[in-house]
Amino acid sequence: MTEAEQRTGAPVANSAEPVPAALDVLRAYLAAQSAAFLAQLPRLREGKPEASHKIRVACRRSRSMLRTYRPLLDGGWADELAAQIADFTEIVAPERDIEVVRERLLGALDDMADESPGMVRARTLLDRMLHREYAVAHETTLAALAGPRFHALADQLALAPETLPGLPESFAPAPEAMYPLVARTFEITERRVAALPDPRKQSAQSALADDATDELWHRLRIAAKRCRYAAEVCVPVAGQPAAELAEAMTVITEELGTQQDATVASTVLLRAARTPRIAAPTGFVLGRLLGEARAGILRSRLAFPALWAQAADPDRRAWLDR
């Protein structure tokens, strides 16, 4: 089974096969995400590496599908399940965020190849701080997994692929019902790109110190993910063209994710720098890491227009007009 088939829960489109109804495609996709969610639960309880990431991805895909294709579904049902998933994701998110930032910062220290006292102390400080925060986050996750709200969510996700309630529109052929909704997610993403200030016309300080601008980039990332997953759902019907659009949006979301990771790392470094009685050499190393994180954000934003131009090639969306 290909990666696209694993994500969508159905074989990639074959022109000789009959076109499925939209509801059948949505149910297959939700079944794949439900299976991924349930498979990771034992590993999440045990604190296994990547478990929180994989379960968040399954949650994100499920929630995105429910929101994008809501016009084809019972809106109240879809909204309730999406809200439950969002609540659970908020609980497990810190665990994964700490994993990512710890790997990033300790890796950056390793790359410096410096065994000075300041470097060693900075590494010890960050490692201990993030280890404590991870332990707290994991305990919070375990408490949530033991609670009735989680058990209700797990039961609903297990049954959702069979019980997903569709409106009459969902019984239409998938291309007719679904492609316009994919196109809408791209249009929203395109508008959010247009709303960004051009980093090439900003000073480095203004490009990095504006909370309103950071929010615009964050909103763009959300929209690009929605477009990515919307196209991904259509792979069993549209085949390679839908997979290529999803891949193009993956490149965008991963680049924006790098920015987000650097932003989170900056926050951690500033918190570490406020440690009482921190030695000057240690503070200097933390400052170096902070400078590199912020420089990475700026480089990413400067490179983004060219990256977006490739992803937004109209040929990638020609299948949506069929």
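Residues numbered from 1 in each chain as written. Predicted model: local features only at pLDDT ≥ 70, side-chain atom pairs only at ≥ 80, totals over all residues. Heavy atoms only, no water.

Within the protein chain, the regular secondary structure consists of twelve helices and zero strands. N-terminal to C-terminal, the α/β element order of the protein chain is α-α-α-α-α-α-α-α-α-α-α-α. At 22 Å, the protein chain has a C-alpha radius of gyration in line with the 20 Å of a compact globule built from 322 residues. Expressed as lengths along the three principal axes of its C-alpha atoms, the size of the protein chain is roughly 70 × 50 × 35 Å. For the protein chain, buried positions account for 46% of its 322 residues. Element-wise, carbon and sulfur atoms account for 53% of the exposed surface of the protein chain, whose accessible area totals about 15800 Å². (Helix = DSSP H or I, 4+ residues; strand = E, 2+ residues; numbered from the N terminus. Rg over C-alpha atoms; globule rule 2.2 N^0.38 Å. Buried < 20%, exposed > 50% of the residue type's maximum accessible area, 1.4 Å probe, protein only. Areas by Shrake-Rupley, 256 points an atom, 1.4 Å probe, with all protein chains shown as cover.)

So, on to the environment of R200. Residue position: R200 is located in the loop between helix 7 (174-194) and helix 8 (204-208). Setting aside residues up to four positions removed in sequence, R200 forms contacts with L302 and P305. (Contact = heavy atoms within 4.5 Å.)

With respect to the helices and strands, R60 occurs in helix 3 (residues 51-68). Of the side chains with opposite charge, D97 comes closest to the buried, unpaired R60, at an N-O distance of 7.3 Å. Excluding residues within four positions of it along the chain, R60 makes contact with K225 and Y229. (Lys, Arg positive; Asp, Glu negative; His and termini not counted. Salt bridge = Lys/Arg side-chain N within 4 Å of Asp/Glu carboxyl O.)

Another aspect to go through is the pattern of salt bridges. Opposite charge on two side chains permits them to pair, given that their charged atoms come into close proximity. All told, the structure shown has eleven salt bridges when counted by the stated rule. A salt bridge links R56 to D97, with the shortest nitrogen-to-oxygen separation between them at 3.3 Å. Of this pair, R56 sits in helix 3 while D97 sits in helix 4 (residues 75-112), and the two are 41 residues apart along the sequence. Taking relative accessible area as the criterion, R56 reaches 13% and is therefore assigned buried. Between D214 and R301 there is a salt bridge, with the nearest N and O atoms lying 2.9 Å from each other. With D214 in helix 9 (residues 211-233) and R301 in helix 12 (residues 280-311), this residue pair connects regions lying 87 residues apart in the sequence.

Take the packing of helix 5 (residues 117-145) against helix 11 (residues 240-273) next. Orientation of helix 5 relative to helix 11, taken along the N-to-C sense of each, is 110°, at an axis distance of 11 Å. In this view, helix 5 runs roughly perpendicular relative to helix 11, as classed from their interaxial angle. Here helix 5 and helix 11 pass one another in a crossing that is right-handed. Contacts from L125, L126, M129, L130 and E133 in helix 5 reach V268, L269, R271 and A272 in helix 11. Its residues assigned to classes, the contact of helix 5 with helix 11 comprises seven nonpolar, no polar and two charged. (Axes fitted to C-alpha atoms, helices over the stretch in contact; angles between N-to-C directions. Parallel < 35°, antiparallel > 145°, perpendicular 65-115°, else oblique. Left-handed = near helix turned anticlockwise from the far one by under 90°. Nonpolar A, V, L, I, M, F, W, Y, C, P; charged D, E, K, R; others polar.)

It is worth spelling out the packing of aromatic side chains at this point. One pass over the full model with this rule turns up seven aromatic pairs. Judged by centre distance (5.7 Å) and plane angle (65°), the ring pair of F37 and F88 falls under edge-to-face. Placement of the pair is F37 in helix 2 (residues 22-45) and F88 in helix 4, with a sequence separation of 51 residues. Classification of F37 by relative accessible area gives buried; the value is 1%. F88 sits in the buried class, given a relative accessible area of 4%. Ring plane angle 35° and centroid distance 6.3 Å describe the contact between F37 and F150, whose orientation is recorded as tilted. One end of the pair, F37, is in helix 2; the other, F150, is in helix 6 (residues 148-163), and 113 residues separate them in sequence. Among the residues examined, F150 registers a relative accessible area of 4% and is labelled buried. The rings of F186, W217, F304 and W308 are connected pair by pair, giving a single aromatic cluster. (Phe/Tyr/Trp six-rings, centres within 6.5 Å; stacked < 30°, edge-to-face > 60°.)

Further remarks concern unusual backbone geometry. In this structure, R277 takes a positive phi of about 60° despite not being glycine. Examined against the element boundaries, R277 turns out to sit in the loop between helix 11 and helix 12. Of the residues examined, R277 reaches a relative accessible area of 82% and is grouped as exposed.

Here we come to helix 5. Spanning 29 residues, helix 5 covers 42 Å between terminal C-alpha atoms, matching the ideal 42 Å at 1.5 Å per step. Restricting attention to buried positions, one finds in helix 5 the residues G118, M119, A122, L125, L126, M129, L130, A137, H138, T141, A144 and L145. Of the surrounding secondary structure, the elements contacted by the buried residues of helix 5 are helix 2, helix 4, helix 6, helix 11 and helix 12. (Expected span 1.5 Å × (residues − 1).)

Soluble, globular proteins show a tendency: their nonpolar side chains are buried together. With 67 residues, the main nonpolar core has F37, L66, Y69, F88, M178 and W319 as its most contacted residues. Ignoring sequence-local partners within four residues, the contact set of M178 consists of A22, V25, L26, Y69, L72, V233 and C234. Core analysis: the second largest hydrophobic core is formed by 21 residues, V101, V268, A272 and V285 among them. (Core = buried A, V, L, I, M, F, W, Y, C linked by side-chain atoms within 4.5 Å.)

A few words now on the side chain of R228. Note that R228 resides in helix 9. Here R228 is buried and forms no salt bridge, its nearest opposite-charge partner E232 lying at an N-O distance of 4.7 Å. For R228, the side chain forms a polar contact with the side chain of T253, separated by 3.2 Å. (Polar contact = N/O pair within 3.5 Å; in protein donor to acceptor, adjacent residues only side chain to side chain.)

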